[in-house]
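Chains, contacts and geometry: an overview
One-letter residues, chain by chain:
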Amino acid sequence: MDETSAAIDPNVAHPARRYNYWLGGKDNFAADRASGDELERLFPKVRLGAVANRALLQRATRFLAAEAGIRQFLDIGTGLPTADNTHEVAQRHAPESRIVYVDNDPLVMVHARALLNSSAEGRTAYIEADLNDPAAILANPVLHDTIDLKQPVGLMLIAVLHFIHGHGAASGIVGRLLDALPAGSYLVATHATSDFGTPEQQALYQQLIEQGRTDVWTRPRQEFAELFDGLELVEPGIVPASEWRPESGAEIPERSDINVWTAVGRKP
């Protein structure tokens, strides 16, 4: 058994594999499905939020590559590969795009070959690291071999910041990453929230957090907005994932069905 395989514990749920389960993937274990089922039993629309979040990643990546001229992407909290990963969308519009994926789940490393497929003109790379240690990510030689931090970068933090627990804990990490990126870079972030739940649902979710039955630390709009302090928000600003530049004619779900804040901001 190699080191990567030994690091995978199928008896402990992991967010990347639970997300894969909600998206209809097969790269998950019983513990991941049990965790996903429990959350879905308590919050029946949680799967809709996951699907909306994934679609947002694709639309935001397309915006950065096709409209904003971004050719470098740092995607942290990559998750397991599905259809239209960041590099596939970016390179479809700009084949020379370079993408670095970062995730802390060893199972993602097992599937890294699928993520590392690239257009001939561009490049993709993968780093096994944790968002809690941004300094290690920024110092990794793979990052510097793949993208030029003197040129604008699209920093993708999709459905990952809510695994950073504690009030205000995410802002320092985001700030450290943005400080390392030049003017003209973009932050794309999505974040679970309880803002649209009923008082009863909000109380229930807080109880789950206190009991350690969920690893998702929801944040209100105000705290999410603070992640974009000093950035120029791209229209339509801070909205649920399904409402950020939806496809023409798309049906927009109720906000209480999504429960995911979204924004894109440009570093001036």
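Let me sum up the structure you'll find in this document.

1. Remarks on the side chain of Asp 105
- By the element assignment, Asp 105 lies in the loop between β2 (98-103) and α6 (106-110).
- Apart from residues lying up to four places away in sequence, Asp 105 is in contact with His 14, Ala 16, Arg 17 and Tyr 126.

2. A word on the nonpolar core
- In terms of nonpolar packing, the biggest core is built from 34 residues, with Ile 76, Leu 131, Leu 155, Leu 157, Leu 161 and Leu 187 touching the most fellow members.
- Elements with a minimum of two residues in this core: β1 (72-76), β2, β3 (123-128), α8 (134-139), β4 (154-157), α10 (169-179), β5 (186-192) and β8 (260-266).
- Residues contacting Leu 131, with those up to four places away along its chain left out, are Ile 76, Ile 137, Leu 157, Val 160, Leu 161, Ile 164, Ile 173 and Leu 177.

3. Notes on the packing of aromatic side chains
- Taken as a whole and judged by the stated rule, the model has four aromatic pairs.
- When the centroid spacing of 6.0 Å and the interplanar angle of 85 degrees are considered together, the rings of Phe 63 and Tyr 186 count as edge-to-face. With Phe 63 in helix α4 (residues 46-67) and Tyr 186 in strand β5, the pair connects residues that are 123 residues apart, well separated along the chain. For the pair shown, Phe 63 and Tyr 186 are each scored as buried.
- Arranged with centres 5.8 Å apart and planes meeting at 75 degrees, the rings of Phe 63 and Trp 244 form a pair that is edge-to-face. With Phe 63 in helix α4 and Trp 244 in the loop between β7 (239-240) and α13 (255-258), this residue pair connects regions lying 181 residues apart in the sequence.
- With relative accessibility at 8%, the residue Phe 63 sits in the buried group.
- One aromatic cluster is present, built from ring pairs that chain together Phe 63, Tyr 186 and Trp 244.

4. Some words on the pattern of salt bridges
- Per the counting criterion, the structure on display carries eleven salt bridges.
- Measuring nitrogen to oxygen at the nearest pair gives 2.9 Å for the salt bridge that ties Arg 219 to Glu 223.
- You can call Glu 223 buried: its relative accessible area is 12%.
- If you follow the salt bridges from partner to partner, you end up with Arg 17, Asp 32 and Asp 105 in one network.

5. Observations regarding unusual backbone geometry
- Going from Glu 235 to Pro 236, the amide bond is cis rather than trans, its omega being 15 degrees.
- Its place among the elements puts Pro 236 in the loop between β6 (232-233) and β7.
- The phi dihedral of Arg 245 is positive, around 45 degrees, even though this residue is not glycine.
- With respect to the helices and strands, Arg 245 occurs in the loop between β7 and α13.
- Backbone geometry at Asn 259 places phi at a positive 55 degrees, although glycine is not the residue there.
- On the accessibility criterion, Asn 259 (21% relative accessible area) is partly exposed.

Rules behind the numbers
Residues numbered from 1 in each chain as written. Predicted model: local features only at pLDDT ≥ 70, side-chain atom pairs only at ≥ 80, totals over all residues. Heavy atoms only, no water. Helix = DSSP H or I, 4+ residues; strand = E, 2+ residues; numbered from the N terminus. Contact = heavy atoms within 4.5 Å. Core = buried A, V, L, I, M, F, W, Y, C linked by side-chain atoms within 4.5 Å. Buried < 20%, exposed > 50% of the residue type's maximum accessible area, 1.4 Å probe, protein only. Phe/Tyr/Trp six-rings, centres within 6.5 Å; stacked < 30°, edge-to-face > 60°. Salt bridge = Lys/Arg side-chain N within 4 Å of Asp/Glu carboxyl O.

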